[in-house]
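This is what each chain is made of:
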Amino acid sequence: MFRALVNFYHRLGSPPHFYRISGRLAPWFIGLALVLMAGGLYWGLVLAPTDYEQGDAYRIIYIHVPAAWLSMFVYMCMAVAGGLALVWRMKMAEVMAVTAAPIGAGFTLLALATGSIWGKPMWGTWWVWDARLTSELVLLFLYLGVIALDNAIEDRRLAGRAVGILALVGVVNIPIIHYSVEWWNTLHQGPTVTKFDAPSIHWSMLVPLLVMAVAFMLYFGGTWLLRARNEVLRREGNRRWAMELPEAS
Amino acid sequence: MTPTRKKRLYLIAAMVAGVAVATGLALKAFNENLMFFFSPSEVATGEAPEGERFRLGGMVVDGSVQRDPDSLAVTFGLTDYDEAVTVSYTGILPDLFREGQGIVAHGKLNGDGVFVADEVLAKHDENYMPPEVADMMEQRKAKGAQ
Amino acid sequence: MSLTEFLAMGGYGAYVWSAYGITVAVLAWQLILPVVQRRQIVRQIRRRKRQEARRA
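Residues numbered from 1 in each chain as written. Chains lettered and ligands numbered in written order. Predicted model: local features only at pLDDT ≥ 70, side-chain atom pairs only at ≥ 80, totals over all residues. Heavy atoms only, no water.

So, on to the overall build of chain C. Along its length, chain C carries 2 helices and 0 strands. Computed over its C-alpha atoms, the radius of gyration of chain C comes to 23 Å, more than 25% above the 10 Å expected for a compact globule of 56 residues. If you line up chain C on its principal axes, its C-alpha atoms span 70 × 20 × 10 Å. In chain C, buried positions account for 29% of the 56 residues. Only carbon and sulfur atoms are counted for the fraction: they give 60% of the accessible area of chain C, which is about 3,800 Å². (Helix = DSSP H or I, 4+ residues; strand = E, 2+ residues; numbered from the N terminus. Rg over C-alpha atoms; globule rule 2.2 N^0.38 Å. Buried < 20%, exposed > 50% of the residue type's maximum accessible area, 1.4 Å probe, protein only. Areas by Shrake-Rupley, 256 points an atom, 1.4 Å probe, with all protein chains shown as cover.)

The following block contains the structure:
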């Protein structure tokens, strides 16, 4: 069992194997994500009841909260890959770190935009500089910094390591985002689902939220694999295995 | 693990720890500025800046909202359940503004101790439930109070 | 519930649907971009292969 796992890990570390496995997995991730999204959206937009205070405006939660969770989850994935790239100098870890950044930036942008659209009718403003909103904006800049750094360095191996360092340094921002609503008083409300006692959301509203969160997670997995195999092909395009791919003939 | 990898791992761990400590210290130093609003108690003890604009957050006191029938002017009490401050505001209130609801007002204290606001934002809580469930909880609470 | 009622979202229709619209746009972009880029990369490899074949 353990040997099989180690074997699998080593094969994933080899670009041609990764290219083949990811090509087989990605459609499943994305297909399942789309099915769950359709179900979650129908549940969240049609079946779930209106909120006692916010009316139907609260339905933005079904995209805002999963996007915000993913913005942090993707960052942690990127940082772990960056750490592996720095310590073990694994080519595949470099690829994974570099390709996670634009996806994470997309989710962060979504969290900020949908939150802003929610804030206007509920809070009465599009934007405030409170600790939660500001730290999430810092996260967007961290992602943009990683993308810029990757583009600025010509040497792919060096770029992978530089990105790893920036990603690891930025990890401090993740607990700040999460705890900002508890450490400081903010306009943003406290945590609903991830607090220690029972979530303060009715189950009929919580279930579609969790379905959407899983769907976003799978969508991230699928698009990450697609971007990573592109990056592999870009880096190894003049290797024999890439030249001999059926799609290249 | 080979010695070089171990060395790299320690170096990176030290780097992350260093950045974390530096950030923690910086946040501690700027703690005041990271607070989005002051509470009525802080106004009472004089911790809120006097003669300057600041944000005041709290709950709208039940039964304290008085609307001017001819204009958009409104006054209400704002409390943190220890102290209360009277707020006056002219303008459109957010949809979630109601008695017992958390809000954040931006403005200045005048000579009479009234907070003159030019912006009122609603701070909604982390609870989400259908209206029927809210009604039921309300009823149960009323029964418990009797 | 009628369709107009559903689209109105209790008066918050403009906010809810613009938020969902942005989300669909960003998520679609995340899928379309790697698919388009893949085609370009494969085309490049093919071109390089042809050049090498000609040289040989």
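This next bit is on a positive patch on the surface. Residues and elements named next belong to chain C. Taken together, the side chains of Arg39, Arg43, Arg46, Arg47, Arg50 and Arg54 define a basic patch exposed on the protein surface. Its place among the elements puts Arg47 in helix H2 (residues 13–55). By relative accessible area, Arg47 is classed as partly exposed at 43%. (Patch = residues over 30% accessible without salt bridge, like charges linked within 9 Å, V, L, I, M, F, W, Y side chains within 5 Å. Salt bridge = Lys/Arg side-chain N within 4 Å of Asp/Glu carboxyl O. Lys, Arg positive; Asp, Glu negative; His and termini not counted. Charge placed at Lys NZ, Arg CZ, Asp CG, Glu CD.)

We now examine the interface of chain A and chain C. Listed by partner, the interface residues are 41 residues for chain A and 29 residues for chain C. At the junction of chain A and chain C, the tally comes to 1 salt bridge. A salt bridge links A:Glu247 to C:Arg38; the nearest nitrogen and oxygen atoms lie 3.2 Å apart. If you look at where chain A meets chain C, you find 11 residue pairs in polar contact (both at pLDDT 80 or more). Taken together, the elements giving at least two residues each to the side of chain A that touches chain C come down to helix H2 (15–47), helix H3 (61–88), helix H4 (91–122), helix H8 (203–235) and helix H9 (240–243) of chain A. (Contact = heavy atoms within 4.5 Å. Polar contact = N/O pair within 3.5 Å; in protein donor to acceptor, adjacent residues only side chain to side chain.)

A few words now on the pairing of strand S4 (residues 84–90) of chain B. Residue and element names in this part refer to chain B. For strand S3 (residues 73–79) and S4, the ladder comprises 7 bridges, and the chain directions are antiparallel. The residue of S4 that forms the bridge with Thr79 is Ala84. Counting the residues between successive antiparallel strands, the hairpin from S3 to S4 contains 4 residues, one of them, Tyr81, with a positive phi of roughly 70°. Examined bridge by bridge, S4 and strand S6 (residues 115–123) share 3 bridges and lie parallel to one another. Following the sheet pairing, Ser88 is matched in S6 by Val116. (Pairing = 2+ DSSP bridges.)

Here we take up the environment of A:Tyr219. Following the sequence through the fold, A:Tyr219 ends up in helix H8. The exposure class assigned to A:Tyr219 is buried, which follows from its relative accessible area of 4%. For the pair A:Tyr219 and A:Met205, spaced 14 residues apart in sequence, the C-alpha separation works out to 22 Å. Residue contacts for A:Tyr219: discarding those within four places in its chain leaves A:Ile30, A:Ala33, A:Leu34, A:Met37, C:Leu27, C:Ala28, C:Gln30 and C:Leu31.

Turning our attention to the side chain of B:Ser64. Residue and element names in this part refer to chain B. Mapped onto the elements of the fold, Ser64 is located in the loop between strand S1 (54–60) and strand S2 (66–67). For Ser64, a relative accessible area of 18% corresponds to the buried category. Only 3.0 Å separates the side chain of Ser64 from the backbone nitrogen of Gly77, close enough to count as a polar contact. Once residues within four sequence positions are removed from consideration, Ser64 is found in contact with Thr75, Phe76, Gly77 and Glu99.

With that settled, consider the pattern of salt bridges. Residues and elements named next belong to chain A. Scanning all chains against the criterion turns up 13 salt bridges over all chains. Linking Glu236 and Lys91 is a salt bridge whose minimum nitrogen-to-oxygen distance equals 3.6 Å. Placement of Glu236 in the loop between H8 and H9 and of Lys91 in helix H4 is noted, with a sequence separation of 145 residues between them. Here the residues in one salt-bridge network are Glu94, Asp150, Arg156, Arg157, Glu231, Arg234 and Arg235, joined through shared partners.

This paragraph deals with the interface of chain A and chain B. Residue-level contacts link 43 residues of chain A with 36 residues of chain B. Between chain A and chain B lies a buried interface of about 3,600 Å² when both sides are counted; carbon and sulfur atoms form 63% of it. Joining chain A to chain B, the criterion identifies 1 salt bridge. Taking the shortest distance from any N to any O, the salt bridge between B:Arg98 and A:Glu53 comes out at 3.7 Å. Summed over the shared surface of chain A and chain B, the number is 14 residue pairs in polar contact (both at pLDDT 80 or more). Among the secondary structure elements, those contributing two or more residues to the side of chain A that touches chain B are H3, H4, helix H6 (156–169), helix H7 (173–183) and H8 of chain A. The greatest single-element share of the side of chain A that touches chain B, amounting to 4 residues, is contributed by H3(A). In terms of residue class, the side of chain A that touches chain B is built from 25 nonpolar, 13 polar and 5 charged. (Buried area = accessible area lost by both parts, 1.4 Å probe. Nonpolar A, V, L, I, M, F, W, Y, C, P; charged D, E, K, R; others polar.)

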